[in-house]
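Listed below are the residues making up each chain.
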Amino acid sequence: MTTRERRGQGGLLALLLLASTLAAMASDKRAEKPYALIFGTVYGPDYRPAYGVRVKIRRADQKKARWDLYSDHQGEFAQRVPAGAADYVVWAEPEGKHAPTAEAKVHVQNDKRVDIGLHLTK
């Protein structure tokens, strides 16, 4: 095999690799639905971020919670909700029978982010 033939095979291999990479990138860019984001922090009675607190979210016109999540080590949580104008109720349910709770009403507009804080009081 001559040097020229080897160069031709290397160029073909590079071209095939580039084509497969571009095809994979195109398939990964599927049409993502627009969303709004409810981002919040849960604070305990001592004004510190509260870890592991159960947070529930529902639309204001519904009775059951649609999303159920937990706060992280910084007391933060985030939930994607459908884009568009809507009202939501967000509440925190710490463990324990007589544990303090917190609730907030949130209005989401289109595909915007809304930041809230939930303060657990005694």
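What this report covers is the structure whose coordinates are included nearby.

## Brief notes about the environment of G75
Position of G75 relative to the elements: it lies in the loop between strand 3 (67–70) and strand 4 (76–82). Its relative accessible area of 0% is what places G75 among the buried residues. Spatially, the C-alpha atoms of G75 and Y51 are 4.9 Å apart, while their sequence positions differ by 24 residues. Residues contacting G75, with those up to four places away along its chain left out, are G40, T41, V42, P49 and A50.

## Overview of the packing of aromatic side chains
Considering all chains together, one arrives at one aromatic pair under this definition. Lying over the aromatic face of Y35, R80 brings its terminal NZ or CZ to 3.9 Å of the ring centre. Between R113 and the ring centre of F39, over which it is positioned, the NZ or CZ distance is 4.4 Å.

## Regarding the sheet that holds strand 4
With mixed pairing, three strands are arranged side by side in an open sheet as 4-1-7. Two strands close off the open sheet at either side, each with one partner strand: strand 4 and strand 7 (113–119). Here the average twist between neighbouring strands, direction ignored, is 20°. Taken together, the seven bridges between strand 1 (residues 35–43) and strand 4 define a ladder with antiparallel strand orientation. What sits directly across from Y35, in strand 4, is P82.

## Looking at the sheet that holds strand 5 (residues 86–93)
Whether parallel or antiparallel, the strands of a sheet pair through hydrogen bonds between backbone atoms. As summarised here, the arrangement of the four strands in space is 3-2-5-6, forming an open sheet in which the pairing is antiparallel. The open sheet has two free edges, formed respectively by strand 3 and strand 6 (102–108), since each of these has just one partner strand. Strand-to-strand, the axes of this sheet are offset by a mean angle of 20°, without reference to chain direction.

What counts and how
Residues numbered from 1 in each chain as written. Predicted model: local features only at pLDDT ≥ 70, side-chain atom pairs only at ≥ 80, totals over all residues. Heavy atoms only, no water. Helix = DSSP H or I, 4+ residues; strand = E, 2+ residues; numbered from the N terminus. Buried < 20%, exposed > 50% of the residue type's maximum accessible area, 1.4 Å probe, protein only. Contact = heavy atoms within 4.5 Å. Phe/Tyr/Trp six-rings, centres within 6.5 Å; stacked < 30°, edge-to-face > 60°. Lys NZ or Arg CZ within 6 Å of the ring centre and 35° of its normal. Pairing = 2+ DSSP bridges. Axes fitted to C-alpha atoms, helices over the stretch in contact; angles between N-to-C directions.

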